[in-house]
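An overview of the molecular structure
One-letter residues, chain by chain:
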Amino acid sequence: MLKTFALCAALLSFVPVSLAACVKPPLGDATLYLRGGLNNWAAQDEQAFEYRCDAYYLNLKAQGTQEFKLADEDWTPALTFAANAKGQPARGAPANLKREFNGEHTLRLSFDGEGAPTLNVGPKTFKPTPPQPITDRAALTTHFDSRAAEAKSPFGAQPKGSEIKFSVGNDVPGLKRATLVIERRHLTGNQEQLAYEALARIDMTPHSRGMGTGFSASYRFDEIGIYGYWFEIETDQGKYALQNNKDTIYWTREKGSMGPATVERLPANLNRVRRYRQTVYAPDFHVPGWAQDLVYYYVFPERFRNGDKANDPRPGGGRPQDRYQDRDVERHATWNERPFKPNTGDGSDKLFNNDFFGGDLAGLIDKLDYIKSLGANALYLTPVFRAPSNHKYDAADYREIDPAFGSNDDFVRLCAEAAKRGIRVIPDTSLNHVGSDSPYFNRFNNFPAGGAFDGGKINPTSPYASWFKFKPDETDPNKQYQGWVGVADLPEIDKSSPAFRAYAYSDKDSVTNLWLDRGAAGWRMDVVPWVPDDFWREWRQAVKAKRPDALTVAETWFDASKYFLGDMFDSTMNYIFRNAVLDYAAGKSARETYANLELMREAYPPQSFFALMNLLSTHDQPRALHHFGEDRDLVLAKRRLRLAVFFQMTYPGSPTIYYGDEVGLGGGDDPFNRAPYPWADEGGQPDEALLAEFKRLTKLRHDLPVLRHGSLGAPLYVDDHVVVLARQLGDTWAVTATNNSDMPRTVSVGLPFTADQLRDALGGLAVTPKNGRVQLTVPPLFGRVLVTP
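Residues numbered from 1 in each chain as written. Predicted model: local features only at pLDDT ≥ 70, side-chain atom pairs only at ≥ 80, totals over all residues. Heavy atoms only, no water.

1. Thoughts on the nonpolar core
As a reminder, the rule being used: Buried Ala, Val, Leu, Ile, Met, Phe, Trp, Tyr and Cys residues form a nonpolar core when they are joined through side-chain atoms within 4.5 Å. Note on exposure labels: buried denotes an accessible area under 20% of the residue type's maximum, exposed denotes more than 50%, and partly exposed covers the range between, all computed with a 1.4 Å probe on protein chains only. Working rule for contacts: check all heavy atoms of both residues, and any pair within 4.5 Å makes them a contact.
Ranked by size, the top nonpolar core spans 172 residues in total, and within it Phe231, Tyr297, Ile371, Leu379, Tyr398, Trp539 and Phe569 carry the most contacts. In this structure, Phe231 is in contact with Phe144, Phe166, Val168, Thr179, Leu180, Met204, Tyr240, Ala241 and Leu242, ignoring residues within four places of it in sequence. Core analysis: the next-biggest nonpolar cluster, separate from the first, contains 20 residues, Leu27, Phe68, Leu70 and Phe111 among them.

The structure is reproduced here in structure tokens:
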């Protein structure tokens, strides 16, 4: 009886709203979205709430525990709802909302008379208002394709001063006029602020097109930047927006992968238009040529190899590396233990990132021959400068190697020994925040007096005082300064501080210059979107003045076009590639995932596109094997990993191997994605067969320049399982094909070149084209590379 009563009560919370008195939407015209882990925290139409009479409703299909917030597209504070102490949504609350899901549900967000929100999750009962269909044939048949030469020329990102021609039209009567709308995009922060500034509305010139009408217009782009464009078309039945499609791009706020356009009624609020984007970069934008030839080996140094046990952090040791803020560190008894995670019953304390295994620079030097044998020719290191944590993003001294990792001389020796083997070293740091346990801040008084927050008190006489913004009226020390994303251990730097900018890059002996002098081949910069663009423009000038062939790599997760204009970065950690390839290799439709890669081919300048740091695993996301279900079927997960690596090694950009992936190291979210490399002499069990496959595929890339430098056009063929691409370098052509099915797939593909025979670069049977086409059988969960003789 009680269960029946409870069920009825739950269902009553979702009764048809006609039973209740209707009220105006308490949030006005704002659209609210569920934004969380299930959609990469993006504002997606599929997770948009609909207001109906008395509450906001959303139907959602999900499984397990989901973390999310409710917010508008801009994360407007008044329209952002997180979890309060009771787990209910509240403005300004600090935590993510958490709910359990088991299939299809309806979410109901209601507000009481005082404006306090309540979120209920129940069975799916809500029927959304269906969109009003468009029946206007003239509008529906009007076409534009940003990748078709007859619709837009020239293709893709273009240098400043380029004139681009746009053409739209149809083959049926009724299209009366078309207007090309050009706007300038303004995107700041971690995509929090997005706006388009109107620049031009150009009446397009009509011309006959069969039974219909075509329209054309040109526009000259005279300044670098990211532009938006779309088309307003008009028929006898009204006005429409001919615009970008609805494809979701991983980690990216704006929807649309470009290519073929979609038609929707012209919205009253033009912010709802999905713009195409046009990148216009500096004509002299140069990326070091060697970047296209890189295969990165990406290392979290504390977990790679212990080459000097004397410098290992240990509790009670009395040295700087033996303390974590105001207490001793935690040390693992054996190399192959799991990393500690507080509050999981593993016997560790309640602090994160204070457990150590003993990895160091000496271990890296000892294993340079191994790294070279893998086929890597670049070594990307997460931070190695002095810091109390195991990840070292909480810098305590930008100018010194952490004593647990060795010395400054060890870094110089690492760079020199790596160079002897043809390996470049790329270090990493954050110029957005430092550690609270540092001479710059000195919250724990572990350094001589002079920090900006000595012993938890604001010190206005500190030489570092101008690096930070303080709130002296607050009484709680944690609230007297801004920790990056609310983390008190990471005081955020005021990047407008002239003193900090001088220390970071403009002084002759700045941090940036110092490590280039010590042998670094470039820099990877942490949390780039949180740092103002003008900072990065000045920083780039300093880097290139010091070492013109230095490579600059950003940490961005979303569409990074704005950083590739020639004034900030050369490359980025390519999280869009990571998600697209992992999902494809896990079995998701190639049509859907490959659209993300096509966006980058169109939006990024080619010099950056061919130098992207193409990831599969990272220290901030679950490892590839975990994504592929290592806990369910490890053998299958490794086959899927091999497919992902095949795609990585045959695609433009710089393949990046996260340490241990090559021998089957798995792990989910942090800290388990940072487990120690399973060296056999430390009791580990590296998968030698998988290692051999990695080596075979890196060798394939190094042996075929067309895979590193060859141009890439639109795919020759894409279906749910198979992707076929063509690459060209001079007279050499390569055809790459991948298959994410567990069955062989045979496809027939037209070729953009002529050849009597195509050689299988991995030793398979040669293929003979017939009448300009080739029939390919692609093995399950793998691929083929066919090359002209």
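Now that the structure has been shown, we can carry on.
2. Details of the sheet that holds strand 8 (residues 152-153)
For clarity, the threshold we go by: Only strands joined by at least two bridges in the DSSP assignment are considered to pair. Put simply, DSSP marks the helices as runs of H or I at least four residues long and the strands as runs of E at least two long, and each gets a number from the N terminus on.
Read from one edge to the other, the open sheet built from 4 strands follows the order 8-10-14-13, with strand pairing classed as antiparallel. Strand pairing shows two members of the sheet lacking a second neighbour, strand 8 and strand 13 (205-209), which therefore form its edges. As judged from the 2 bridges shared by strand 8 and strand 10 (residues 162-169), these two strands associate in the antiparallel manner. Note on strand 10: the bridge partner recorded for Ser153 is Lys165.

3. Quick notes on the layout of surface pockets
What counts, and what does not: Residues are said to line a cavity or pocket when one of their atoms sits within 4 Å of a point; the points come from a 1 Å grid over protein atoms alone, cavities being sets where a 1.4 Å probe fits but cannot get out and pockets being open sets with protein on both sides within 12 Å along at least five of seven lines. Grid points are joined across faces, edges and corners, and a volume is the space filled by probe spheres set on the points. Amino acid classes used here: Ala, Val, Leu, Ile, Met, Phe, Trp, Tyr, Cys and Pro are nonpolar; Asp, Glu, Lys and Arg are charged; the rest, including Gly, are polar.
Here the second largest pocket defines a volume of roughly 1,800 Å³. What lines the second largest pocket is a set of 47 residues, and nearest its centre among them are Thr31, Tyr33, Asp45, Ala48 and Arg272. Counting residues per element, the ones that place at least two in the lining of the second largest pocket are strand 2 (50-52), strand 3 (55-71), strand 12 (193-203) and strand 17 (262-265). When residues of the lining of the second largest pocket are assigned to their parent elements, the largest contribution, 4 residues, is made by strand 3. Here the residues of the lining of the second largest pocket sort into 22 nonpolar, 8 polar and 17 charged.

4. Concerning the side chain of Asn245
To keep things clear, this is the line we draw: Polar contact is defined as a pair of N or O atoms within 3.5 Å, subject to the rule that within protein one atom must be able to donate a hydrogen and the other to accept it, and that residues adjacent in sequence are counted only when both atoms are side-chain atoms.
Within the element layout of this structure, Asn245 appears in the loop between strand 16 (238-243) and strand 17. Judged by relative accessible area, Asn245 falls into the buried class, the value being 9%. At 3.0 Å, the side chain of Asn245 and the backbone nitrogen of Asp247 are in polar contact.

5. Observations concerning the sheet that holds strand 30 (residues 551-554)
Inclusion rule: Comment: axis = line fitted to C-alpha atoms, over the contacting stretch for helices; angle = value between 0 and 180 degrees taken between N-to-C directions.
Taken together, the 9 strands give an open sheet; going across it, the order is 27-24-19-33-32-31-30-29-28, and neighbouring strands pair in parallel fashion. Both edges of this open sheet fall to strand 27 (424-426) and strand 28 (428-429), since each of them pairs with a single strand only. The pairing of strand 28 with strand 29 (residues 522-525) spans 2 bridges and is classified as parallel. Within strand 29, the position partnered with Thr429 by the bridge is Met525. The sheet contacts of helix 9 (residues 575-585) involve strand 31 (571-574) and strand 32 (613-614), and relative to strand 31 the element is tilted by about 30°.

6. Some remarks on empty space enclosed by the protein
Vacant regions in the atomic arrangement are exposed by a probe of water-molecule size rolled over the atoms. One pass over the full model with this rule turns up 5 cavities of 30 Å³ or more. Put simply, the largest cavity is a space of about 60 Å³. The wall of the largest cavity is formed by Arg303, Phe340, Lys341, Pro342, Phe352, Asn353, Asp355, Asn390, Asp670, Pro671 and Arg674. Of the residues contributing to the lining of the largest cavity, the split by class is 4 nonpolar, 2 polar and 5 charged. Roughly 50 Å³ of internal volume is contained in the second largest cavity. Lining the second largest cavity we find Ala580, Val581, Tyr584, Ala590, Thr593, Tyr594, Leu597, Phe647 and Val723.

7. Topic: the environment of Thr736
With respect to the helices and strands, the residue Thr736 is situated in strand 37 (residues 732-739). Separated by 85 residues in sequence, Thr736 and Tyr651 place their C-alpha atoms 8.7 Å apart. Other than its neighbours up to four places away in sequence, Thr736 contacts Thr650, Leu707, Val723, Val724, Leu725, Arg784 and Val785.

8. Here's the deal with the pattern of salt bridges
Put simply, the rule is: We count a salt bridge whenever a side-chain nitrogen from Lys or Arg sits within 4 Å of a carboxyl oxygen from Asp or Glu.
Applying the stated criterion across every chain, the model contains 61 salt bridges. Glu264 is the partner of Lys246 in a salt bridge, and the nearest nitrogen-oxygen pair spans 3.8 Å. With Lys246 in the loop between strand 16 and strand 17 and Glu264 in strand 17, this pair connects stretches of sequence that are 18 residues apart. Residue classification places Lys246 among the partly exposed residues on the basis of a relative accessible area of 46%. Taking the relative accessible area as the measure of exposure, Glu264 reaches 25% and is therefore partly exposed.

9. Some thoughts on the packing of aromatic side chains
Where we set the bar: Working definition: rings of Phe, Tyr and Trp (its six-membered ring) pair if their centres are within 6.5 Å, and the pair is stacked with planes under 30 degrees apart, edge-to-face with planes over 60 apart, and tilted otherwise.
Scanning all chains against the criterion turns up 66 aromatic pairs. A ring pair is formed by Tyr440 and Tyr503, whose centres lie 5.8 Å apart and whose planes are at 75°; its orientation type is edge-to-face. Residue Tyr440 is located in the loop between strand 28 and helix 6 (498-506), and its partner Tyr503 is located in helix 6; the two are separated by 63 residues in the primary sequence. Of the two residues, Tyr440 and Tyr503, both sit in the buried class. Here the aromatic rings of Trp467 and Tyr503 are separated by 5.1 Å at their centres, their planes lie at 55°, and the arrangement is tilted.

Keep in mind that these numbers describe shape and distance, not what the molecule does.
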